[in-house]
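A look at the structure
Next come the chains, spelled out residue by residue.
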Amino acid sequence: RIRYSYRITVENDFSKAKEVIVKDAIPVSRNKKIVVEMDGLNVPFVNDEKTRKSTPFARGIRKWKFNVPAHGKQVISYDIVVTFDRDIRIRGLR
């Protein structure tokens, strides 16, 4: 099992609140023996039916939409947990 922690910080330096859309890619397993899960998410991503059925969602693109107050900030944090048997070799993971 490997755990990766991510933190995205959005800051608003404007004197008015701003609506923000953040997109990030999470890993997607194509092997049933490799499980990828998102854990500890502090801000929910857009997860309506239309989004879940979209190709970008299937490819691991997650989208957050929220307002950031004037001179404020919003932090998105989450972990990606990759679980697999020890006998499986995975390229690209550290």
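Here, the structure is the one placed above.
Heads up: these notes are all about the structure in this document. (Residues numbered from 1 in each chain as written. Predicted model: local features only at pLDDT ≥ 70, side-chain atom pairs only at ≥ 80, totals over all residues. Heavy atoms only, no water.)

**Description of the side chain of N12**
- Along the polypeptide, N12 turns up in the loop between β1 (2–11) and β2 (18–25).
- Reaching out from N12, the side chain makes a polar contact with the backbone nitrogen of F14 at a distance of 2.8 Å.
- When neighbours within four sequence positions are excluded, N12 is seen to be in contact with A17, K18, V68, P69, A70, H71 and G72. (Helix = DSSP H or I, 4+ residues; strand = E, 2+ residues; numbered from the N terminus. Polar contact = N/O pair within 3.5 Å; in protein donor to acceptor, adjacent residues only side chain to side chain. Contact = heavy atoms within 4.5 Å.)

**Considerations on the nonpolar core**
- Counting 17 residues, the largest nonpolar core has V10, V20, V22, W64, F66, I76 and Y78 as its most contacted members.
- Among the elements that line this core, the one with the most residues is strand β5 (residues 73–83), at 4 residues.
- Here F66 is in contact with V10, K18, E19, V20, V22, V43, Q74 and I76, once residues within four sequence places are set aside. (Core = buried A, V, L, I, M, F, W, Y, C linked by side-chain atoms within 4.5 Å. Buried < 20%, exposed > 50% of the residue type's maximum accessible area, 1.4 Å probe, protein only.)

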